[in-house]
Amino acid sequence: MINFNPETYKSYTVTRKRYIPDEVITLNHDVIYHVSDELIVSGWKAIRLRQDISGGFSAYYPKLGIKTSKFFDGNGELLYWYNDISELYFSGNDINFTDLLIDVVIFPDNSIKIMDIDEFAEAIEKKLITKEQEIKALNSFHNLLNYIYNNEYDLLKQPIIELESYLNPQSC
């Protein structure tokens, strides 16, 4: 059982770096519920007003290089599970998340869509990412696919499910 305590993590901020497009954004509206070397759990609203996505919850796995997120539509219904291949490091209370471009979407019917391999190739070609990041991204992608294909993906979803129970105990 994860000990969620948003009050403890109010001073934490998450900064997201993307290579394509080139941007760095501080995710000011994220609520951090748990932080450890193994796991960060947050809730968030869409950065920009969108018709399709209202927000969601995320579980960052720094050592795995995976961020698993549950995306909701405007009615609070599950759209899909979105997985970013990433790297993450801490600097005091700053959580620095770097998107390594490869994404895997899992839809409610369990179909899978692998996305942005073309952006990953472009980042390699333009030397936007280092050789170490390339290797890390491919290893993390491989590990994520193993979770999915070995029917262990629920392990990555579990912190989000626990957070939903924490936020709405009557729904359980």
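The coordinates are above.
Structural notes, computed from the coordinates. (Residues numbered from 1 in each chain as written. Predicted model: local features only at pLDDT ≥ 70, side-chain atom pairs only at ≥ 80, totals over all residues. Heavy atoms only, no water.)

### So, the pattern of salt bridges
In step 1: The final tally for this structure, using the stated rule, is nine salt bridges.
In step 2: Here D22 makes a salt bridge to K17, at a shortest N to O gap of 3.9 Å.
In step 3: Linking K70 and E164 is a salt bridge whose minimum nitrogen-to-oxygen distance equals 2.9 Å. Of this pair, K70 sits in strand β6 (residues 66–72) while E164 sits in helix α3 (residues 153–167), and the two are 94 residues apart along the sequence. (Salt bridge = Lys/Arg side-chain N within 4 Å of Asp/Glu carboxyl O. Helix = DSSP H or I, 4+ residues; strand = E, 2+ residues; numbered from the N terminus.)

### Details of unusual backbone geometry
In step 1: Along the chain, I20 connects to P21 via a cis peptide bond; the corresponding omega equals -5 degrees.
In step 2: Structurally, P21 is set in the loop between β1 (13–18) and β2 (23–26).
In step 3: A positive phi angle, close to 80 degrees, is found at L101, a residue other than glycine.
In step 4: Mapped onto the elements, L101 comes out in strand β8 (residues 94–106).
In step 5: Here N151, not a glycine, exhibits a phi torsion of approximately 55 degrees, which is positive.
In step 6: Secondary-structure assignment places N151 in the loop between α2 (131–149) and α3.
In step 7: The exposure class assigned to N151 is exposed, which follows from its relative accessible area of 72%. (Buried < 20%, exposed > 50% of the residue type's maximum accessible area, 1.4 Å probe, protein only.)

### Quick look at the nonpolar core
In step 1: In this structure, I85, L144, I148 and Y153 are the most contacted members of the largest nonpolar core, which totals 31 residues.
In step 2: Within the residue set of this core, elements represented by two or more residues are β5 (55–61), β6, β7 (78–91), β8, α1 (117–125), α2 and α3.
In step 3: When neighbours within four sequence positions are excluded, Y153 is seen to be in contact with T68, W81, N83, I106, L144, Y147 and I148.
In step 4: The next biggest cluster of nonpolar side chains, apart from the first, holds eleven residues, and it includes V14, L27, I32 and F97. (Core = buried A, V, L, I, M, F, W, Y, C linked by side-chain atoms within 4.5 Å. Contact = heavy atoms within 4.5 Å.)

### Re the environment of N110
In step 1: Residue position: N110 is located in the loop between β8 and β9 (112–115).
In step 2: By relative accessible area, which is 60% here, N110 ends up exposed.
In step 3: Put simply, N110 and L156 are 46 residues apart on the chain and 15 Å apart in space, counted from C-alpha to C-alpha.

### What to know about the packing of α2 against α3
In step 1: Axis separation between α2 and α3 bottoms out at 6 Å; the angle between their running directions is 95 degrees. With respect to their mutual orientation, α2 and α3 come out roughly perpendicular. Between α2, through L144, Y147 and I148, and α3, the contact on the second element is made entirely by Y153, L155 and L156.
In step 2: For the contact of α2 with α3, the residue count by class is six nonpolar, no polar and no charged. (Axes fitted to C-alpha atoms, helices over the stretch in contact; angles between N-to-C directions. Parallel < 35°, antiparallel > 145°, perpendicular 65-115°, else oblique. Nonpolar A, V, L, I, M, F, W, Y, C, P; charged D, E, K, R; others polar.)

### A closer look at the packing of aromatic side chains
In step 1: For the coordinates displayed, the defined rule picks out eleven aromatic pairs.
In step 2: Ring geometry for F4 and Y166: centres 5.4 Å apart, planes at 45 degrees, overall tilted. With F4 in the segment before β1 and Y166 in helix α3, this pair connects stretches of sequence that are 162 residues apart.
In step 3: Y166 sits in the partly exposed class, given a relative accessible area of 40%.
In step 4: Ring centres of Y80 and F107 lie 5.8 Å apart, and the angle between their planes is 75 degrees; this geometry places the pair in the edge-to-face category. Taken together, the residues Y80 in strand β7 and F107 in the loop between β8 and β9 connect sequence positions 27 residues apart.
In step 5: Accessibility expressed as a relative area gives 15% for Y80, which makes it buried.
In step 6: Pairwise contacts between aromatic rings join W44, F71, Y80, Y82 and F107 into one cluster. (Phe/Tyr/Trp six-rings, centres within 6.5 Å; stacked < 30°, edge-to-face > 60°.)

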